[in-house]
Amino acid sequence: MAKKDLMTPPSVEQLVDLLRQLPGVGPKSAQRMSLHLLHKNREAAAALGHALLQAVNTTRSCKKCNGLAEQDICMVCLDNTRDTGVLCVVENPADMLAIEATGTYRGLYYVLMAKYAPLDGVEPQGLGFNRLLERVQDSLVTEIILATNFTNEGEATAFFLQQRLKPLGLRVSRIARGIPIGAEIEYIDPSTVARALLDRQKIKLTD
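Described below are features of the structure shown in this document. By convention here, each chain's residues receive numbers from 1 onward along its written sequence. In view of the model being predicted, local features appear only for residues whose pLDDT reaches at least 70, and side-chain atom pairs are presented and counted only at 80 or more, with totals across whole chains, interfaces and linings using the full set of residues. Only hydrogens and water are set aside when side-chain values are computed; all heavy atoms of the structure are taken into account.

## Observations regarding the environment of Gly103
Numbering goes from the N terminus for both helices and strands, where a helix is a DSSP run of H or I of at least four residues and a strand is a run of E of at least two. When you line up the elements, Gly103 lands in the loop between helix H5 (93-100) and strand S4 (107-111). Only protein chains enter the accessibility calculation, which uses a 1.4 Å probe; a residue is then buried when its area is under 20% of its type maximum, exposed when over 50%, and partly exposed in between. Overall, Gly103 belongs to the exposed group, its relative accessible area being 61%. In this structure the C-alpha to C-alpha distance between Gly103 and Ala117, which are 14 residues apart in sequence, comes to 30 Å.

See the structure below:
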């Protein structure tokens, strides 16, 4: 158990511990952010707390794509200018936002909210494939882009999905490897993500 700093109030220690749960934030960074907000910008700290609470209370998962929304259906799914024939499957909302930031994709999305990760106890049935299947069958989709990450889990997820999608007779493509192996889409610069989307390749389905 880590030794507590007697000079740090418990409320500040709790704030630091919570900030450390954010991706890429270590103990020192969490401490610096906490002290900056509390000592130099308390108004921003209060506004941040209010915005976070409001986001927690007002956002939900879109009933069509699982993306973030304030209503039952998100703005992307409601946008009638999108190409309804193409569905991009991603692992999480951050990946969806990263692809949108490229400005090159105008189709729709489906967010898995999971990935095939046996070591973490996530088996294929935990991917919610039946919901994806319903999404495809209840729409005009003719092509599915598998945009899972190029990690071991992302590759396994893409392979599982392509095998399950094969009987549907749809075009199934995989984003090109412009994104380095082991990288996660949300941390890649928009131009690299755009190149990967534009250079996607059709998956050759085999028995």
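## Let's talk about the packing of aromatic side chains
We call Phe, Tyr and Trp rings a pair once their centres come within 6.5 Å, taking the six-membered ring for Trp, and we label the pair stacked below 30 degrees between planes, edge-to-face above 60, and tilted otherwise. Applying the stated criterion across every chain yields a total of 2 aromatic pairs. On the numbers, 5.1 Å between centres and 65° between planes, the contact of Tyr105 with Tyr109 is edge-to-face. Like Tyr105, the residue Tyr109 is buried in the burial classification. Seen from their ring centres, Phe129 and Phe160 are 6.3 Å apart, and the 75° between their planes marks the pair as edge-to-face. With a gap of 31 residues between them, Phe129 in helix H6 (residues 129-137) and Phe160 in helix H7 (residues 152-165) connect regions that are remote in the sequence. You can call Phe129 buried: its relative accessible area is 7%. Residue classification places Phe160 among the buried residues on the basis of a relative accessible area of 15%.

## Comments concerning the environment of Glu155
Its location among the elements puts Glu155 in helix H7. Take Glu155: its relative accessible area is 25%, and that puts it in the partly exposed class.

## Observations concerning the pattern of salt bridges
When a carboxyl oxygen of Asp or Glu is within 4 Å of a side-chain nitrogen of Lys or Arg, the pair counts as a salt bridge. Following the criterion strictly, the structure yields 8 salt bridges and no others. Put simply, Lys63 and Asp72 hold a salt bridge, and the shortest N to O gap is 3.8 Å. Among the ionic pairs, Arg200 bridges to Glu143, the shortest N-O distance being 3.0 Å. One end of the pair, Arg200, is in the loop between helix H8 (190-198) and strand S7 (201-202); the other, Glu143, is in strand S5 (residues 143-146), with 57 residues separating them in the sequence. By relative accessible area, which is 6% here, Glu143 ends up buried.

## Some points on the pairing of S4
Counting buried positions along S4 yields 5 of 5 residues, so the element is predominantly enclosed. In short, DSSP must find at least two bridges between two strands for them to pair. Pairing geometry for strand S3 (residues 83-90) and S4, over 5 bridges, is parallel. Pairing of Leu87 across the sheet is with Leu108, part of S4. Consider the strands pointing away from the viewer: the crossover is right-handed when the path from the first strand over the helix to the second runs clockwise. The handedness of the S3 to S4 crossover, carried by H5, is right-handed.

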